[in-house]
Amino acid sequence: MCGDTEDPYDARQWDTREDCEVRQILDRIADKWSLLVIALLERRTMRFTELRREVDGISQRMLARTLRHLERDGLVSRTVHPTVPPRVDYALTEMGSTLHLTIQTLVTWTEEHQSRIATARDTYDRRAAAEHEQAEREAAGREALARQVSLRS
């Protein structure tokens, strides 16, 4: 716990300080690459090249970094097979599988609310555009008034 609150679910405990464990873990598991890797590994054990092929847009470096972080956090296991060339398999740990259930709940919530979110975004974008246009008209009016005043002076 990073915050000094009595409520066990107080968002202030998700402190942004670097030494906040809760914040660090949330940052790690909520990034887009980690979510995708966890979802893919829930289905089956995979090799690095299989993961890279399945995770669209991820670089080799970013995938290696993501897997290393997930392994360090105990969410993914890495098994090296002594073959030539070496074969490395990645799998979710038991703890990683429990996290996948939580991720699936979030995905389900997103699917259920995506149309409402799209409507809210559209409403917001239209309102923001109208406010921007209004601000531009007001600024143009002020500029015109300032020019008239300066021409009269």
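Residues numbered from 1 in each chain as written. Predicted model: local features only at pLDDT ≥ 70, side-chain atom pairs only at ≥ 80, totals over all residues. Heavy atoms only, no water.

1. Here we look at the overall build of the chain
Moving on, step 1. Scanning the chain from N- to C-terminus turns up 5 helices and 3 strands.
Moving on, step 2. Going residue by residue from the N terminus, the α and β elements of the chain occur as α-α-β-α-α-β-β-α.
Moving on, step 3. For the chain, buried positions account for 23% of its 153 residues.
Moving on, step 4. Sequence-distant contacts in the chain: of pairs separated by 6 or more residues, those separated by 24 or more amount to 36%.
Moving on, step 5. Total accessible area computed for the chain in this model is approximately 11,700 Å², and 53% of it derives from carbon and sulfur atoms. (Helix = DSSP H or I, 4+ residues; strand = E, 2+ residues; numbered from the N terminus. Buried < 20%, exposed > 50% of the residue type's maximum accessible area, 1.4 Å probe, protein only. Contact = heavy atoms within 4.5 Å. Areas by Shrake-Rupley, 256 points an atom, 1.4 Å probe, with all protein chains shown as cover.)

2. As for the nonpolar core
Moving on, step 1. The biggest cluster of nonpolar side chains holds 20 residues, and the ones touching the most others in it are V37, L41, L51, L67, V76 and Y90.
Moving on, step 2. Those elements that provide at least two residues to this core are α2 (32-43), α4 (60-72), β3 (87-92) and α5 (94-152).
Moving on, step 3. The leading source of residues in this core is α2, at 5 residues.
Moving on, step 4. Here Y90 is in contact with L41, T45, M46, R47, F48, L51, L67, V76, S77 and R78, once residues within four sequence places are set aside. (Core = buried A, V, L, I, M, F, W, Y, C linked by side-chain atoms within 4.5 Å.)

3. Examining the packing of α2 against α5
What describes two packed helices is the angle between their axes and the distance between those same axes.
Moving on, step 1. Between α2 and α5, the shortest axis-to-axis distance is 10 Å and the interhelical angle comes to 110°. The angle between α2 and α5 falls in the class roughly perpendicular. Classified by chirality, the crossing of α5 by α2 is left-handed. Where α2 approaches α5, its residues L35, I38, A39 and E42 are matched on the opposing element by G96, S97, L99, H100 and I103.
Moving on, step 2. When grouped by side-chain class, the residues that make up the contact of α2 with α5 number 5 nonpolar, 3 polar and 1 charged. (Axes fitted to C-alpha atoms, helices over the stretch in contact; angles between N-to-C directions. Parallel < 35°, antiparallel > 145°, perpendicular 65-115°, else oblique. Left-handed = near helix turned anticlockwise from the far one by under 90°. Nonpolar A, V, L, I, M, F, W, Y, C, P; charged D, E, K, R; others polar.)

4. Examining the environment of A91
Moving on, step 1. Turning to its location among the elements, A91 is positioned in strand β3.
Moving on, step 2. A sequence separation of 53 residues divides A91 from I38, and the C-alpha atoms of the two residues are 8.8 Å apart.
Moving on, step 3. Leaving out residues up to four positions away in the same chain, A91 has contacts with L41, T45, L75, V76 and S77.

5. Considering the sheet that holds strand β1 (residues 46-47)
Strand pairs in the sheet, formed through backbone hydrogen bonds, run parallel or antiparallel to each other.
Moving on, step 1. One open sheet accounts for 3 strands, arranged β1-β3-β2; its pairing is antiparallel. This sheet does not close on itself; its edge strands, each paired only once, are β1 and β2 (76-81).
Moving on, step 2. Pairing between β1 and β3: 2 bridges, direction antiparallel. In the sheet register, R47 faces β3, and the bridge partner there is D89. (Pairing = 2+ DSSP bridges.)

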